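# Breakdown of the fold
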Amino acid sequence: MKTITHPQFSALILAGGRATRMEGLDKGLVLWHGKPLIAHVVENLKTQVDDVVISCNRSFDDYQQYGLAIADTTPNFAGPLAGIAAALPHCHHDWVFVVACDMPNLPSDVVLQLWQATNNTPLAVAHDGEHLQSLCVLLHKSLLSSLEEHVKQGHAAVYKWINRQAHSVAYFEDKHAFMNINSLADLGL
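Residues numbered from 1 in each chain as written. Predicted model: local features only at pLDDT ≥ 70, side-chain atom pairs only at ≥ 80, totals over all residues. Heavy atoms only, no water.

## A closer look at the nonpolar core
This is how the line gets drawn: Remark: nonpolar core denotes a set of buried residues (Ala, Val, Leu, Ile, Met, Phe, Trp, Tyr, Cys) joined through side-chain atoms within 4.5 Å. The buried label goes to any residue with under 20% of its type's maximum accessible area, the exposed label to any with over 50%, and the partly exposed label to all in between, with areas taken from a 1.4 Å probe on protein chains only. Labels follow the DSSP assignment, with helices taken as runs of H or I lasting at least four residues and strands as runs of E lasting at least two, numbered in each case from the N terminus. Contacts between residues were defined by any pair of non-hydrogen atoms, one from each residue, lying within 4.5 Å.
Counting residues in each nonpolar core, the largest one holds 36 residues, and the members touching the most others are Ile 13, Leu 45, Ile 54, Phe 97, Leu 106, Val 110 and Phe 178. Elements supplying a minimum of two residues to this core: β1 (9-15), α1 (37-45), β4 (51-56), β6 (95-100), α4 (110-117), β7 (123-127) and β8 (132-140). Ignoring anything within four residues of it in the chain, the contact list for Val 110 reads Gln 48, Phe 97, Cys 136, Phe 172 and Phe 178. Within the second largest apolar cluster, 22 residues are counted, among which are Ile 84, Val 125, Leu 143 and Val 158.

Structure below.
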């Protein structure tokens with residue numbers, strides 16, 4: 001049987017933002033099924049990646065227990081693209097899985113499936129059968145200068161940046177695996 005080899009992976013979890021739909025609560029630390037949302041994400045990734053970096057703009061000390069917390073000091077909540085650019089240099093490996101802190105049901109092989117989908121591109125994006133999941137991507141650190149340039153130009157949206165990059169798509173059958181919790185109502189509160 002042929003063994004598929006792959007590089008080591010880092011994870012970069014985005015835990016910043018204004019939390020306007022969470023009534024100002026720090027989304028990654030909000031409890032879901034008895035644990036903070038970020039704890040679910042980290043637990044799902046523990047067998048898939050070798051190190052975890054968290055890009056956050058507050059609750060720095062709280063996030064340290066889940067990985068290397070990097071303070072995103074970009075002024076005025078510059079958005080997720082700025083959070084990725086700020087934390088990417090701190091990831092140990094060249095291939096980095098980027099995900100939002102509010103996706104607690106990730107597949108147990110999401111990183112490997114994205115890697116297998118890269119097809120000689122520096123970026124692979126998850127697709128749930130209905131939508132491209134722009135905050136569930138595997139990217140190569142060589143894209144850092146492109147990220148920084150887009151941030152410098154005032155862009156915040158990850159999907160717009162993705163559309164300007166050579167990328168591949170990994171299709172997943174379970175759209176619930178990419179459920180993200182955006183509000184207290186999503187938590188049943």
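Next comes the rest of the write-up.
## Overview of the pairing of β4
Note the following rule: Paired strands are those between which DSSP finds at least two bridges.
The buried fraction of β4 amounts to 6 of the 6 residues, a majority that puts the element mostly inside the structure. Across the two faces of β4 the burial is the same, with Asp 51, Val 53 and Ser 55 and Val 52, Ile 54 and Cys 56 all buried. Bridge count for β1 against β4 is 6 bridges, and the pairing is parallel. Of the residues in β4, the one forming a bridge with Leu 14 is Ser 55. Taken together, the 4 bridges between β4 and strand β5 (residues 68-71) define a ladder with parallel strand orientation. If you follow Ser 55 over to β5, its bridge partner there is Ile 70.

## Structural notes on the pattern of salt bridges
We apply this condition: By definition here, a salt bridge exists when the distance from a side-chain nitrogen of Lys or Arg to a carboxyl oxygen of Asp or Glu is within 4 Å.
Scanning all chains against the criterion turns up 3 salt bridges. Among the ionic pairs, Lys 35 bridges to Glu 43, the shortest N-O distance being 2.7 Å. For Glu 43, a relative accessible area of 41% gives the class partly exposed.

## Some words on the state of the cysteines
We count it as follows: Any pair of cysteine sulfurs within 2.5 Å is marked as a disulfide.
Scanning all chains against the criterion turns up 0 disulfides. With no disulfide partner, Cys 56 has as its closest neighbouring cysteine sulfur the one in Cys 101, 9.8 Å distant. Given the relative accessible area of 1%, Cys 56 is considered buried.

## Here's the deal with the pairing of β8
Burial runs high along β8: 7 of the 9 residues are buried. Pairing geometry for β7 and β8, over 5 bridges, is antiparallel. By the bridge assignment, Ala 124 is partnered in β8 with Leu 138. Hairpin geometry of β7 and β8 is characterised by an intervening segment of 4 residues between the two adjacent antiparallel strands and by a positive phi of about 100° at Gly 129.

Function-wise, these values are silent; they only describe arrangement.
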